[in-house]
Amino acid sequence: MIDEIMADARTRMERSLDALRQAFGKIRTGRAHPSLIEAVPVSCYGQDSPLSQVASITVEDARCLVVRVWDRSLVPNVEKAIMKSSLGLQPNAAGEVIRVPLPDLTAETRKGYTRQARQEAEQAKVAVRNIRRDALAEFKRLAKDKQIGEDDERRSQEAVQKITDSFVQQVDQILAAKENDLMVIQ
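In this text the structure is predicted, and so the values were computed from the model without any measurement.

(A) Just the pairing of strand 3 (residues 55-61), in detail. Taken together, the 6 bridges between strand 3 and strand 4 (residues 64-69) define a ladder with antiparallel strand orientation. Its bridge partner being in strand 4, Asp61 is matched across the sheet by Cys64. Count of turn residues in the strand 3/strand 4 antiparallel hairpin: 2 residues.

This is how it looks when you write it as structure tokens:
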């Protein structure tokens, strides 16, 4: 029973880290990366779909993405969707290929993206701590119902705290790497 709670907490914390990595993938750095625009909603066939479902996105060089739309009739929709996104990008269409050059980041935008990355990291830490709180509450309930002893409860609480500290440290490491990416001028 204790092992199940611990495994569930660890799994949920890992999902929080995955969500943080995905959120960081959408924060622009100085380099081109397909994850910047793959979630941009594109209006096609009467509904919105992520760009990654209507086109392939590749990196041409460090400052340019290439979008190859599978259905040529969707090129104008894809182009509009990229322009409307909050990324401030200006795509150039040539047939069924759209080139998306990434402008240089200014010091102000770098600071803004760093602030955004810190907020995302703080949200991930809060999520990890909430998972810890849930696990601790479950241990308390088990002890109250006399399904585990006090010693088992205390050991379990210490183990969950160690797991939590490990995941918070991983969040800090991921944040440091992202901040480093944001501050590197290429």
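(B) Examining the packing of helix 3 (residues 107-144) against helix 4 (residues 150-183) more closely. Packing of helix 3 against helix 4 brings their axes to within 10 Å, and their N-to-C directions diverge by 170°. The angle between the axes of helix 3 and helix 4 places the two elements in the roughly antiparallel class. Here the residues of the contact of helix 3 with helix 4 sort into 16 nonpolar, 5 polar and 10 charged.

(C) Inspection of the sheet that holds strand 6 (residues 97-101) at higher detail. Read from one edge of the open sheet, 4 strands run 3-4-6-5, paired in antiparallel fashion. Lying at the two open borders of the sheet, with one neighbouring strand each, are strand 3 and strand 5 (92-94). Adjacent strand axes in the sheet meet at a mean angle of 25° when their direction is disregarded. Pairing between strand 4 and strand 6: 5 bridges, direction antiparallel. Bridge pairing in strand 6 links Val66 to Arg99.

(D) Region of the structure containing the pattern of salt bridges. Taken as a whole and assessed by the stated rule, the structure comprises 13 salt bridges. The residue Arg12 makes a salt bridge to Asp134 at a minimum N-O spacing of 3.0 Å. On the criterion of sequence distance, the pair formed by Arg12 in helix 1 (residues 2-25) and Asp134 in helix 3 is long-range, its members being 122 residues apart. Note on Asp134: relative accessible area 30%, which makes it partly exposed. In this structure, the salt-bridge partner of Asp145 is Arg141, at a minimum N-O distance of 3.2 Å. Residues joined in a network through salt bridges with shared partners are Asp8, Arg12, Arg133 and Asp134.

(E) How the structure looks around unusual backbone geometry. Of note, the phi angle at Tyr45 is positive, near 55°, even though the residue is not glycine. Inspection of the secondary structure puts Tyr45 in the loop between strand 1 (41-44) and strand 2 (47-50). Residues other than glycine seldom take positive phi values, yet Lys146 does so here, at roughly 65°. Position of Lys146 relative to the elements: it lies in the loop between helix 3 and helix 4. What makes Lys146 exposed here is its relative accessible area of 73%.

So, how was this worked out
Residues numbered from 1 in each chain as written. Predicted model: local features only at pLDDT ≥ 70, side-chain atom pairs only at ≥ 80, totals over all residues. Heavy atoms only, no water. Pairing = 2+ DSSP bridges. Helix = DSSP H or I, 4+ residues; strand = E, 2+ residues; numbered from the N terminus. Axes fitted to C-alpha atoms, helices over the stretch in contact; angles between N-to-C directions. Parallel < 35°, antiparallel > 145°, perpendicular 65-115°, else oblique. Nonpolar A, V, L, I, M, F, W, Y, C, P; charged D, E, K, R; others polar. Salt bridge = Lys/Arg side-chain N within 4 Å of Asp/Glu carboxyl O. Buried < 20%, exposed > 50% of the residue type's maximum accessible area, 1.4 Å probe, protein only.

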